[in-house]
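So the chains spell out like this:
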Protein chains: 2
Amino acid sequence: MAGACALLSCAGPARAEDGYELWMRYRPLSPFYVDGVAAVAPALTIDAPPSATVDAATSELRRAFSVWLGRPLTIVNDGAGLLLCRVDRPCAEKLPKIAKKPPALPGAFRVDRLNGGRIAISAHDDIGLLYGSFALLRHIQQQVPLDDLPQSDAPRAAIRMLDHWDNLNGSVERGYAGRSIFQWWRLPGYVDPRLTDYARANASIGINAVAVNNVNAPATFLAPRVIAKAKALADTLRPYGIRVYLSARFSAPRDLGGLATADPLAPEVQRWWRAKADEIYAEIPDFGGFLVKANSEGQPGPQDYGRTHADGANMLARAVGKRGIVIWRAFVYDPDPAVERTMQAYNAFQPLDGKFDANVVVQAKNGPLDFQPREPVAPLFAAMPKTQLGLELQITKEYLGFSTHLAYLAPLFEEALDTGGLGADGRATLAGVVTAGPTSLIAGVANIGSDRNWSGSHFDQANWYAFGRLAWDPARSSEAIAREWVALTFAPDPPLIDAVVPMMLASRQTVVDTMTPLGLAHLMGSDHHYGPAPWVDDLGRPDWNPVYYHRADAEGIGFDRSATGSSALAQYPAALAKRYADDSDPALPLLLWFHRKRWDDRLVTGRTVWDELVVRYDRGVAGVDSMAVQWNGLRGRVDDQRHAEVAALLKVQQNESRWWRDASIAYFQSLSRRPLPAGHAAPAHPLSWYRDQSFPEAPGI
Amino acid sequence: MAGACALLSCAGPARAEDGYELWMRYRPLSPFYVDGVAAVAPALTIDAPPSATVDAATSELRRAFSVWLGRPLTIVNDGAGLLLCRVDRPCAEKLPKIAKKPPALPGAFRVDRLNGGRIAISAHDDIGLLYGSFALLRHIQQQVPLDDLPQSDAPRAAIRMLDHWDNLNGSVERGYAGRSIFQWWRLPGYVDPRLTDYARANASIGINAVAVNNVNAPATFLAPRVIAKAKALADTLRPYGIRVYLSARFSAPRDLGGLATADPLAPEVQRWWRAKADEIYAEIPDFGGFLVKANSEGQPGPQDYGRTHADGANMLARAVGKRGIVIWRAFVYDPDPAVERTMQAYNAFQPLDGKFDANVVVQAKNGPLDFQPREPVAPLFAAMPKTQLGLELQITKEYLGFSTHLAYLAPLFEEALDTGGLGADGRATLAGVVTAGPTSLIAGVANIGSDRNWSGSHFDQANWYAFGRLAWDPARSSEAIAREWVALTFAPDPPLIDAVVPMMLASRQTVVDTMTPLGLAHLMGSDHHYGPAPWVDDLGRPDWNPVYYHRADAEGIGFDRSATGSSALAQYPAALAKRYADDSDPALPLLLWFHRKRWDDRLVTGRTVWDELVVRYDRGVAGVDSMAVQWNGLRGRVDDQRHAEVAALLKVQQNESRWWRDASIAYFQSLSRRPLPAGHAAPAHPLSWYRDQSFPEAPGI
């Protein structure tokens with residue numbers, strides 16, 4: 001058998017590398033490295049009270065080491081080898097002193113080498129032992145020298161959360177990776193074994209909270225029949241330190257409870273929610289709480305009764321009590337489109353600063369609009385010092401090419417988390433704001449579905465991974481995360497890593513260039529958000545239309561958000577506003593977001609606005625072509641199946657980036673009436689051809 | 001590594017037995033058996049012209065033997081070992097004479113032992129070599145002695161077809177196994193590698209035709225953009241001998257072509273279809289043809305223009321020409337509900353016998369109603385001697401418990417195929433009718449989706465398997481198929497096979513008993529067809545309502561289809577009508593289908609109708625309980641993951657069978673007003689409780 005295992009996967013080629021194992025691929029180690037591993041891991045000693053979480057840690061260690069050692073990792077009462085040690089137990093005497101300090105948040109751990117080279121994973125709590133186990137496995141998977149230990153780590157945000165926009169019928173809003181992995185219809189009688197692997201994957205990167213249903217939630221999700229389903233999920237995820245949250249419809253007391261009102265100040269409404277919370281906690285004792293989209297895009301909310309967002313959030317928070325939290329989304333825009341769209345969340349929430357209960361988190365998207373390929377940070381993050389704010393990122397690529405395009409999002413996340421000077425004191429980065437307290441929260445809208453590879457494409461797994469790693473520690477760099485992800489997911493092969501990581505790091509800017517260069521935004525097709533449609537001008541309200549955002553005409557293009565325009569810049573602290581107003585950075589990341597320019601205005605790059613726009617679109621296409629060339633050069637360094645799958649998607653991306661470029665240039669040229677700069681080819685089709693394309697079955701709606 | 005492979009799956013436990021490999025699990029053989037295999041397979045000699053199909057055969061042999069031998073199966077120019085031989089090549093001289101007879105249909109093969117024990121797979125065509133390779137692999141997987149060769153086989157039906165009711169948006173009508181595996185949205189740029197495994201699975205059981213889209217088809221499926229997707233599928237399936245068919249909307253010339261009419265006699269319509277067929281054949285040279293649901297359940301058809309089904313079918317058949325066929329479904333019921341529903345297809349089609357072109361197949365469901373757990377055969381099969389009829393079976397369990405309930409359908413298929421005495425001469429069984437000529441066709445509505453285990457549950461894989469095996473040879477027995485499926489899918493372990501096969505063989509009758517005992521039919525919930533709803537009486541037309549079918553009232557229950565009632569019996573040949581009219585078989589399979597009985601009528605069983613009904617429901621529940629007990633006893637004989645998954649579903653089935661029984665008894669008792677027979681418990685809830693249940697998100701619509 002050993003020979004066959006080297007040639008084929010041992011289980012036969014129906015078991016080709018399909019991505020199911022994510023970054024938890026425990027493959028044979030190099031002969032040199034494995035000797036060192038075998039020396040320190042003859043067996044495993046566990047000194048911790050029995051618990052499902054310790055069992056999960058043990059099971060993961062045995063799973064990996066059994067492959068590496070070629071024999072089972074036996075558990076011994078006390079002896080040599082790996083030590084899994086909770087620091088309130090006698091084993092703590094063997095540990096370095098530093099491990100004994102109590103952590104600020106649950107989950108901190110150390111991985112030490114003791115005298116004689118023995119490896120000890122230690123933590124103050126069971127979940128720390130699990131996280132520490134995954135950290136050690138990651139270390140070995142990458143074949144980092146064992147002498148590079150100790151390693152210690154602790155989470156910076158208390159709640160590291162995935163928001164699933166999953167519906168009860170199995171569809172996933174903005175999901176491009178198949179159906180809801182939760183298989184709602186089959187719960188609670190049947191829990192897909194895959195959910196244990198889902199829990200493992202989340203725990204391996206520190207995710208500890210999951211909102212299991214779409215924020216556009218029907219009240220049905222609070223019916224007893226469905227709470228039983230959520231309980232089955234909670235029971236499955238609990239050993240991995242993951243708490244379940246539910247998106248709640250604000251009008252549930254009416255829709256489900258039969259009350260005449262959902263007014264948050266009505267006593268019967270308060271009683272209804274309290275009883276509902278009690279009912280849920282009876283089934284799910286560690287229920288995390290409610291996530292609420294209220295008075296936004298047609299969802300009901302407290303404003304329906306003349307109450308404020310704070311009235312609504314606090315009423316729910318009191319129903320939950322000390323048992324959990326309420327996450328209240330700040331993604332709102334006024335029914336009155338007279339106010340500039342990107343200013344509305346600030347206007348609605350900033351005046352409420354200080355009015356929210358302690359167990360309310362106000363969760364805002366990273367930018368003021370809606371998960372565009374590039375946005376400035378939302379001004380709200382610097383405007384509510386007395387409120388616990390949470391950050392909502394989007395992992396699923398609603399606006400960045402679905403699961404087709406290769407776009408590594410860590411640079412986008414990092415850009416949001418690392419916006420220096422956001423606070424008036426120049427110190428409070430966004431990372432600081434969202435990691436302030438015991439309810440500090442970073443959430444990501446999940447890109448996970450029933451597809452065999454979880455995320456619809458292999459490279460989209462990196463966005464799930466990067467989200468978890470950044471939510472745990474926002475100071476990590478995109479590059480470091482990419483390097484470890486490539487090593488874990490493909491192979492700890494330095495030439496491979498050196499080739500793939502630069503592709504990943506450049507990929508998000510490439511998508512920006514192919515779709516929304518120079519700070520443009522919201523140019524995509526209606527409803528499904530697939531493909532270019534900058535010409536759309538006939539939707540129900542002005543700020544749903546692409547033309548509202550790019551404002552292109554015969555004169556020029558861009559949105560003046562300075563004092564001479566919408567004044568959105570005034571919502572930012574002065575230092576940041578100054579930075580955003582500056583157009584001297586040759587990268588011009590947000591030029592047309594904040595400025596309106598004439599087509600012939602000369603930019604810092606030396607080109608006119610029109611020429612620069614065309615150059616950027618072409619640069620985007622060239623970036624995709626370059627990725628395809630680089631990836632093709634890696635044939636043989638990556639297993640055939642995954643190599644072919646990525647190559648096929650890059651080919652699609654090559655076509656789609658040309659479509660974006662050509663459609664956009666054809667449209668903007670119909671307004672600018674200017675020739676293309678020398679050396680840039682005309683669109684493949686006339687504008688009318690692009691306008692005529694339709695894709696009624698595009699996914700994710 | 002060898003040790004670890006024995007203990008864990010070599011690839012690690014994330015690679016638990018999840019059912020992905022179906023019945024093509026090439027696992028290490030017993031030490032005794034493997035020696036014999038190693039002796040006859042030191043290498044592989046191929047004597048056949050190069051082709052993608054021969055490559056597929058070679059690749060499958062190498063895949064399996066490399067695991068079995070623990071080393072790659074090398075290909076040699078000539079020598080010892082396996083021989084893959086096309087009989088028009090020199091290798092034929094080594095074969096027994098009998099292999100040289102030309103087969104009636106493509107795909108026949110022999111597997112012989114030559115002098116010295118060498119094994120030769122031979123065929124007249126490449127696809128026969130592929131089928132023969134799978135036959136040999138099946139033989140070895142089951143560890144049947146090699147001395148039991150030779151084996152020879154040939155298909156009895158020319159077209160062995162899966163009908164996928166898959167929609168362009170990824171949903172699957174009556175699908176309970178996730179989304180469409182075809183991933184329409186990503187085609188043609190991205191072809192899921194899984195589709196190669198899908199092709200392998202189909203070829204392994206002889207399936208050679210696939211209709212890739214729902215019979216309720218939008219005309220979009222004939223748009224160039226979508227034909228390109230079908231082409232990508234056809235290119236992937238072709239090496240495995242599988243031809244692609246498309247469901248076509250009859251009104252496409254209007255919907256898509258912009259014509260004013262779709263009248264089949266209009267020259268412009270005929271031209272449109274001819275051009276459309278040419279367009280498809282330019283992309284897919286071996287395109288199988290069109291599958292059409294016309295003038296049925298709201299679909300457009302020739303009757304919209306005063307033309308007949310034959311007019312419509314022949315017009316399309318002439319557009320296709322000699323290149324393919326048109327499959328015209330006989331599942332129609334008149335807009336005028338005055339005629340008894342089960343008689344309508346006969347009335348609509350029988351008069352057209354002899355009017356269809358040679359390349360038209362009229363495809364009828366096995367029964368006259370609609371895939372119920374038990375029906376008599378459709379009378380049409382004995383009524384159209386001058387027409388090529390095709391048989392449509394349903395593999396997906398729309399009416400038999402979705403993918404939740406364990407119901408092995410081969411006995412149902414066999415019942416339809418083996419209805420003796422259907423022809424006037426007492427000889428022409430249904431199997432004979434559907435396997436008459438070069439366009440003989442058996443189709444099954446697929447139960448395949450994106451679920452990791454393909455069919456939603458492990459045991460539902462058996463229904464896909466059994467369909468293929470029976471379509472290839474309708475004379476095979478349900479039991480023999482079950483025995484080989486268990487051996488291939490779980491293990492060649494006689495005690496396991498002896499325990500599981502009886503469960504499987506009894507399971508369909510158990511579902512009949514729990515849902516529609518004694519020949520009842522169509523008692524399920526509206527639209528989604530989930531759960532019991534015998535009380536429904538308010539749907540748009542009489543024959544959509546369960547009350548139309550059971551006709552229960554204070555007096556009795558059942559549908560009189562004799563001469564004193566609807567006279568449906570008169571549509572059958574005399575011998576069969578006599579058999580169906582007879583109610584002296586204590587199994588009473590179709591009692592209430594053909595007869596109306598008073599509640600107190602005494603049956604051949606000695607019980608009254610009312611008591612027998614209750615007894616049957618209870619027998620059904622007991623049958624499910626018994627399956628659960630038997631399966632639990634197999635813990636340890638089946639891998640943990642699949643054992644647990646099946647056990648969880650059996651638990652759901654235990655609950656749902658009680659729900660069916662109790663709801664049905666509560667309802668029928670509200671009419672019969674009779675006490676339950678002694679020893680039978682009352683329903684758990686009052687009737688109103690059952691009527692109040694609602695499941696708006698039930699899958700498959």
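The coordinates are above.
Report on the accompanying structure. What you see is a predicted model; the values in this text were computed from it and never measured. (Residues numbered from 1 in each chain as written. Chains lettered and ligands numbered in written order. Predicted model: local features only at pLDDT ≥ 70, side-chain atom pairs only at ≥ 80, totals over all residues. Heavy atoms only, no water.)

## Observations regarding the overall build of chain A
Along the backbone of chain A there are 21 helices and 16 strands. Against the globule reference of 27 Å for 701 residues, chain A gives a C-alpha radius of gyration of 26 Å, in line with a compact fold. Along the first, second and third principal axes, the C-alpha set of chain A runs to 80 × 65 × 50 Å. Classification of the 701 residues of chain A by burial places 65% in the buried group. By element, 53% of the accessible surface of chain A is carried by carbon and sulfur atoms, the whole surface being about 23500 Å². (Helix = DSSP H or I, 4+ residues; strand = E, 2+ residues; numbered from the N terminus. Rg over C-alpha atoms; globule rule 2.2 N^0.38 Å. Buried < 20%, exposed > 50% of the residue type's maximum accessible area, 1.4 Å probe, protein only. Areas by Shrake-Rupley, 256 points an atom, 1.4 Å probe, with all protein chains shown as cover.)

## Things to note about the packing of helix α6 (residues 224-237) of chain B against helix α8 (residues 267-283) of chain B
All names here are of chain B. Taken N-terminus to C-terminus, the directions of α6 and α8 make an angle of 40 degrees; their axes are 9 Å apart at the nearest point. By the criterion of interaxial angle, the relationship of α6 to α8 is oblique. Here α6 runs over α8; the crossing is right-handed. Counting all contacts with α6, which are made through Pro-224, Ile-227 and Lys-231, the residues of α8 involved are Lys-276, Glu-279, Ile-280 and Glu-283. In the contact of α6 with α8, the residues fall into 3 nonpolar, no polar and 4 charged. (Axes fitted to C-alpha atoms, helices over the stretch in contact; angles between N-to-C directions. Parallel < 35°, antiparallel > 145°, perpendicular 65-115°, else oblique. Left-handed = near helix turned anticlockwise from the far one by under 90°. Contact = heavy atoms within 4.5 Å. Nonpolar A, V, L, I, M, F, W, Y, C, P; charged D, E, K, R; others polar.)

## Notes on the state of the cysteines
Residues and elements named next belong to chain A. Across all of its chains, the model carries 2 disulfides over all chains by this definition. Shown here is the disulfide that connects Cys-85 with Cys-91, its sulfur atoms set 2.1 Å apart. The sign of the S-S torsion, about 90 degrees, decides the handedness of the disulfide formed by Cys-85 and Cys-91: right-handed. A residue is classified by how much of its surface remains accessible, and Cys-91, at 4% relative accessible area, is buried. (Disulfide = S-S within 2.5 Å.)

## A short note on the packing of aromatic side chains
Aromatic ring pairs are defined here through the distance separating the ring centres and the angle between the ring planes. Going through the model one piece at a time under the given rule, you end up with 82 aromatic pairs over all chains. Measuring from ring centre to ring centre gives 5.4 Å for Phe-287 of chain B and Phe-290 of chain B, while their planes differ by 70 degrees; the resulting arrangement is edge-to-face. No difference in accessibility class separates Phe-287 of chain B from Phe-290 of chain B, as the two residues are buried. When the ring of Trp-689 of chain B is compared with that of Tyr-690 of chain B, the centres are 5.1 Å apart and the planes differ by 85 degrees; the resulting orientation is edge-to-face. Trp-689 of chain B sits in the partly exposed class, given a relative accessible area of 35%. Judged by relative accessible area, which is 4%, Tyr-690 of chain B ranks as buried. Grouped by ring-pair contacts, the aromatic residues Tyr-20, Trp-23, Phe-182, Trp-184, Tyr-198, Phe-221, Trp-454, Trp-464 and Tyr-465 of chain A constitute a single cluster. Positioned above the aromatic ring of Phe-331 of chain A is the side chain of Lys-365 of chain A, whose terminal nitrogen or guanidinium carbon lies 3.3 Å from the ring centre. Taking the ring centre of Phe-559 of chain A as reference, the NZ or CZ of Arg-561 of chain A above it sits at 3.8 Å. (Phe/Tyr/Trp six-rings, centres within 6.5 Å; stacked < 30°, edge-to-face > 60°. Lys NZ or Arg CZ within 6 Å of the ring centre and 35° of its normal.)

## Structural notes on the sheet that holds strand β13 (residues 389-394) of chain B
Paired through backbone hydrogen bonds, the strands of a sheet run either parallel or antiparallel to each other. Residue and element names in this part refer to chain B. Spatial strand order, β7-β8-β9-β10-β11-β12-β13-β14: 8 strands in a closed barrel with parallel pairing. Neighbour-to-neighbour, the strand axes of the sheet open up by a mean angle of 25 degrees, direction not taken into account. The sheet contact formed by strand β10 (residues 289-292) and strand β11 (residues 325-329) spans 4 bridges and is parallel. Bridging across to β11, Leu-291 finds its partner in Ile-327. The strands touched by helix α9 (residues 309-320) within the sheet are β10, β11 and β12 (360-365), with β11 carrying the most contacts at an inclination of about 160 degrees. (Pairing = 2+ DSSP bridges.)

## Considering the environment of Lys-578 of chain A
All names here are of chain A. Within the secondary structure, Lys-578 sits in helix α17 (residues 574-581). Assessed through its relative accessible area of 66%, Lys-578 is described here as exposed. Separated by 86 residues in sequence, Lys-578 and Pro-492 have C-alpha atoms that sit 44 Å apart.

## Focus: the sheet that holds strand β5 (residues 119-123) of chain B
Residue and element names in this part refer to chain B. In spatial order, the strands read β2-β1-β3-β5-β4-β6; together these 6 strands make up an open sheet with mixed pairing. The open sheet has two edge strands, β2 (75-76) and β6 (151-153), and neither has a second partner. As defined by bridge partners, strand β3 (residues 82-86) adjoins β5 across 4 bridges and the pair is classed as parallel. Looking at the pairing, Leu-83 lines up with Ala-120 of β5.

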